[in-house]
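# Structure at a glance
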Amino acid sequence: MKARKLYNRIAVLREERGVSRKELAKVIGVNYQTVGYLERGEYNPSLDLAFKISEFFELPVDFIFSTEPMKPLSQVLMERQAQGGSGYGSK
Amino acid sequence: MDRSKQLMRQRLGVVGAFLGCVLLPTVIFFAERANDSLPRESFPYGWLAGILAVMALLVYSHIVAFGLSGHWKLTHARTDTLDERELQITHRATGQAYGIYAIMCLIMLYVFIAARTDLLGPHMSFVRITDKLLAFELLYVAHILPGAILAWRETPAPPERVESAEAV
């Protein structure tokens, strides 16, 4: 069975928080090369690994991973503000 | 070196390794035959150089395809030292290598049997001369085959690039 492609915001979030691939890899317990594969969307993480990543960034899993291409964070925030909400929480 | 160049280099290494495995018994076979026709006192330096050249190709290819790329380490590591992606690609490569190796072993087995029973007459002298080397090569191929499948498909970023390659 061919797995669906998963899109993610790992690279953006990692850049935003100034965390290196090695540091993130160490915390989530994978090889740093695996972080590169995840960021490029060349590898779909297990549920356990996805939760570890979401715990590290303290964000919901569905904010970091999606089956559809991710909108830019600025666009998400603008939409949230237009709806009267604030910050993270939607794709 | 970008990923496509690295992949190309690894693939050339894989081709070189398997080419070396084919060339080594071939050169030894022809060297053996040529040696029979040489006068006793003359040493076959040309053939010796040929054998050394093929061995150098084997060593160089092995280093490029399996050593520098880290695929040898990956396929020979304990499973509890690998992460989930490494386990996944290693298991897939090992499974495919098992299938290919089983077919190779069967073919070699039938060739050895044919050589022993003189089924194909004088055409089997190649196997009779190189049988020990072919058996050793099977052992070598068993070790490199999963790594060769990985080297053909995967391009891990070399460690020195990682800190500078933080691009999104």
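The model shown is predicted, which means the values in this text are computed figures rather than measured ones. (Residues numbered from 1 in each chain as written. Chains lettered and ligands numbered in written order. Predicted model: local features only at pLDDT ≥ 70, side-chain atom pairs only at ≥ 80, totals over all residues.)

### As for the overall build of chain A
- Scanning chain A from terminus to terminus reveals six helices and two strands.
- Moving toward the C terminus, one meets the helices and strands of chain A in the order β-α-α-α-α-α-β-α.
- Seen through its principal axes, chain A has C-alpha atoms that stretch 40 × 35 × 20 Å.
- With 91 residues in all, chain A has 24% of them scored as buried.
- Of all intrachain contacts in chain A linking residues separated by at least 6 positions in sequence, the fraction that spans at least 24 positions is 52%. (Helix = DSSP H or I, 4+ residues; strand = E, 2+ residues; numbered from the N terminus. Buried ≥ 20, exposed ≤ 12 C-beta atoms within 10 Å, placed from the backbone. Contact = placed C-beta atoms within 7 Å.)

### Points about unusual backbone geometry
- Backbone geometry places Glu58(A), a non-glycine residue, at a positive phi of 55 degrees.
- The topology assignment puts Glu58(A) in the loop between α4 (47-57) and α5 (61-64).

### Digging into the confidence of the model for chain B
Residues and elements named next belong to chain B.
- Taken as a whole, chain B shows an average pLDDT of 83; of its residues, 84% reach a score of 70 or greater.
- In this model, residues 158-168 is a region of pLDDT below 50 whose contacts with residues beyond four sequence positions or in other chains number 11 contacts.
- Our summary of model confidence lists the complex with pTM equal to 0.76 and ipTM equal to 0.77. (pLDDT = per-residue confidence, 0-100.)

### Some details on the nonpolar core
- Residues Ala17(B), Ala65(B), Ala148(B), Ile149(B), Leu150(B) and Ala151(B) are the most contacted members of the largest nonpolar core, which totals 20 residues.
- Those elements that place two or more of their residues in this core are α1 (3-37), α2 (45-67), α3 (71-76), α4 (84-116) and α5 (125-153) of chain B.
- Examining the composition of this core, we find that six residues originate from one element, α5(B), more than from any other.
- Sequence-distant contacts of Ala151(B), defined by excluding residues within four places in its chain, comprise Gln10(B), Gly13(B), Val14(B), Ala65(B), Phe66(B), Ser69(B) and His71(B).
- Val35(A), Tyr37(A), Leu38(A) and Ile64(A) belong to the second-largest nonpolar core, a separate cluster that totals 12 residues. (Core = buried A, V, L, I, M, F, W, Y, C linked by C-beta atoms within 7 Å.)

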